[in-house]
Amino acid sequence: MQFEGCSGLSSVVVHLGAHKTATTYLQKRLRAASSHLDEIGVQYIPMEHFRRRVTRLLRDTLRAPGSEGALAARMAEFVRPSSRAILLSDENIIGSCSQIVKFGRLYPELAERIQLFARHVPADGKFVLAIRNYPDFLASVYCEALLWIPFQPFSAFMKRFALDDGLWVRVVNDIVQAVGQDRLRVFRFETLADRFPDLLSELLNRPFDITRIPESDEKRAGFTGQAVAALGEIAEALDPSATPRLAPLAARWFPRTEQMPRFDPWSADAASRLGK
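Owing to the predicted nature of the structure, the values given are computational and were not obtained by experimental measurement.

Asker: Help me understand the environment of alanine 271, please; the structure alone is not making it clear to me.
Answerer: Mapped onto the elements of the fold, alanine 271 is located in helix H13 (residues 268-275). Judged by its relative accessible area of 23%, alanine 271 is partly exposed. For the pair formed by alanine 271 and leucine 231, sequence separation is 40 residues and the distance between their alpha carbons is 24 Å. Apart from the residues lying within four places of it in its own chain, the contact partners of alanine 271 are Pro135 and Trp266.

Here is the structure:
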């Protein structure tokens, strides 16, 4: 997959995630920099507001195609003629971690969701996506899903996970089918630490002062192997459906330390094979 940077100024830029590629970090930095963004002609729509007003309608609209008018009206609240560019960032536009774990497929509703969403983005709008290596991505997605769906062992998730459906290649192709290759820019998460200004350049699409984009020192707790094991024991002793509300507590009970690193279910050999 080779993608060149999109050229020209766009009226709308949509950051699609993906999940677990520092999206929360990016969204917090953009929100903190809203005054600078306004100065350079960019209006950043806070993720929480956009998700509440628009993203949550996507699945409902897919289930009831005749209701697309409601989605169009909500999108029109944000995407309208303006002297400023509109910047949107919500990884749930393409799906959720829970869907990946529940259905055993990378973004199982992506093709339908992005086709629907793209119909309400101006033709000059562009899209930005970050992808991550499979071992770290799948482990992180599994942990995120523990907050929302009943516990299941990681081995059960991977046993039914479709490794032969194209994975990121299929995800990118689905987006390209909806928006066109010249409107999509793809980054690798592993390079973002060194290329964060490049990512911002794609998102803002105009000169900016990176010193006016504040750092975010907030870090999510994450899950250790001990936290996941504790949730497994709770699921056996009580009921798997009890685990989502207890998952944040487990993360706090077993925080990351040198002695308790992040959850890593892979052997070196398995990680190497999947990484290829």
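Back to the write-up after that little detour.
Asker: What should I look at first to understand the sheet that holds strand S3 (residues 85-89) in this one?
Answerer: Think of a sheet as strands paired side by side through backbone hydrogen bonds, with each pair either parallel or antiparallel. The strand order across the open sheet built from 5 strands is S2-S3-S1-S4-S5, with neighbouring strands paired in parallel fashion. Of all the strands in the sheet, the pair left with one neighbour each is strand S2 (42-44) and strand S5 (184-188). Ignoring strand direction, the axes of neighbouring strands in this sheet form an average angle of 20°. With 3 bridges connecting them, strand S1 (residues 12-15) and strand S4 (residues 126-131) associate as parallel partners. From the neighbouring strand, histidine 15 faces S4, where its bridge partner is valine 128.

Asker: Where do I start with the confidence of the model for the protein in this structure?
Answerer: Do not read the predicted coordinates in detail wherever pLDDT is low. Per-residue confidence for the protein gives a mean pLDDT of 90, with 93% of residues at or over 70. The model gives residues 1-9 a pLDDT under 50, and that stretch makes 24 contacts with residues more than four places away or in other chains.

Asker: I keep staring at the layout of surface pockets and nothing clicks. Help me out?
Answerer: The gaps left among the atoms become clear once a water-sized probe is rolled over them. Its volume calculated, the second largest pocket comes out at about 210 Å³. Taken together, 15 residues make up the lining of the second largest pocket; nearest its centre are Ala22, Tyr25, Leu192, Ala193 and Phe196. For the lining of the second largest pocket, the elements supplying multiple residues, two or more each, are helix H1 (23-32) and helix H10 (192-204). Residues of the lining of the second largest pocket, tallied by class, amount to 9 nonpolar, 4 polar and 2 charged.

Scoring rules and cut-offs
Residues numbered from 1 in each chain as written. Predicted model: local features only at pLDDT ≥ 70, side-chain atom pairs only at ≥ 80, totals over all residues. Heavy atoms only, no water. Helix = DSSP H or I, 4+ residues; strand = E, 2+ residues; numbered from the N terminus. Buried < 20%, exposed > 50% of the residue type's maximum accessible area, 1.4 Å probe, protein only. Contact = heavy atoms within 4.5 Å. Pairing = 2+ DSSP bridges. Axes fitted to C-alpha atoms, helices over the stretch in contact; angles between N-to-C directions. pLDDT = per-residue confidence, 0-100. 1 Å grid on protein atoms, 1.4 Å probe; cavity = no way out; pocket = protein on both sides within 12 Å on 5 of 7 lines; lining within 4 Å. Points joined across faces, edges and corners; volume = space filled by probe spheres on them. Nonpolar A, V, L, I, M, F, W, Y, C, P; charged D, E, K, R; others polar.

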